[in-house]
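Spelled out from the first residue to the last, the chains are:
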Amino acid sequence: TDQKCEDLVKSIIQKEYPGDRIIGEEGSGSEKYDALTADPTWTIDPIDGTTNFVHRFPQSCVIIAYMENQEPVVGVIYDPIADELFWAQKGVGAF
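Residues numbered from 1 in each chain as written. Predicted model: local features only at pLDDT ≥ 70, side-chain atom pairs only at ≥ 80, totals over all residues. Heavy atoms only, no water.

Chemist: What am I meant to see in the overall build of the chain here?
Modeler: Along the chain, the regular secondary structure elements total three helices and six strands. In the chain, the succession of α and β elements from N to C terminus is α-β-α-β-α-β-β-β-β. Taking all 95 residues of the chain together, the buried fraction comes to 24%. The contacts in the chain between residues at least 6 apart in sequence include a share of 25% that link residues at least 24 apart. A total accessible area of about 6,500 Å² is found for the chain, and carbon and sulfur atoms account for 56% of it. (Helix = DSSP H or I, 4+ residues; strand = E, 2+ residues; numbered from the N terminus. Buried < 20%, exposed > 50% of the residue type's maximum accessible area, 1.4 Å probe, protein only. Contact = heavy atoms within 4.5 Å. Areas by Shrake-Rupley, 256 points an atom, 1.4 Å probe, with all protein chains shown as cover.)

Below is the structure:
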């Protein structure tokens, strides 16, 4: 399930931003991460709280972040169970 969700998110990002790097938790894993570069980079955790999700405990979310020059620029957390969206943008604030 995690890998399918990650593939879906990656395909959407790649369609809109074909030159950007994407680091996915499922596809990369902690042992496979390449060093961050100045390139525009997306990081994805398609199901944060996988164990909760698998056991139908309603506490999991989707986390996506966008980075430039190795600095976080935008972060988004979506809780599909509660239908809550939280986001932050560097220099703008958190909402």
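Chemist: Looking at this structure, how should I read the nonpolar core?
Modeler: Most often, soluble globular proteins have nonpolar side chains that are buried together. Ranked by size, the top nonpolar core spans seven residues in total: Val 9, Ile 13, Ile 22, Trp 42, Ile 44, Ile 64 and Tyr 66. Elements that contribute at least two residues to this core include exactly α1 (2-16), β2 (41-48) and β3 (61-68). Leave out the neighbours within four places in its chain, and Ile 13 touches Pro 18, Ile 22, Trp 42 and Ile 44. (Core = buried A, V, L, I, M, F, W, Y, C linked by side-chain atoms within 4.5 Å.)

Chemist: Explain the pattern of salt bridges to me, please; I cannot follow it from the model alone.
Modeler: Oppositely charged side chains can form a pair if their charged atoms are brought close together. By the definition in use, this model includes one salt bridge. Between Lys 90 and Glu 71 there is a salt bridge; the shortest N-O distance is 3.5 Å. Of this pair, Lys 90 sits in the loop between β5 (84-89) and β6 (93-94) while Glu 71 sits in strand β4 (residues 71-79), and the two are 19 residues apart along the sequence. Judged by its relative accessible area of 54%, Lys 90 is exposed. Residue class for Glu 71 comes out partly exposed when judged on its relative accessible area of 40%. (Salt bridge = Lys/Arg side-chain N within 4 Å of Asp/Glu carboxyl O.)

Chemist: Which parts of the structure should I look at to understand the environment of Ile 44?
Modeler: Looking at where Ile 44 falls in the secondary structure, it is placed in strand β2. Residue Ile 44 is classed as buried on the basis of its relative accessible area, which comes to 3%. Residues Ile 44 and Ile 23 lie 21 residues apart in sequence; the distance between their C-alpha atoms is 6.3 Å.

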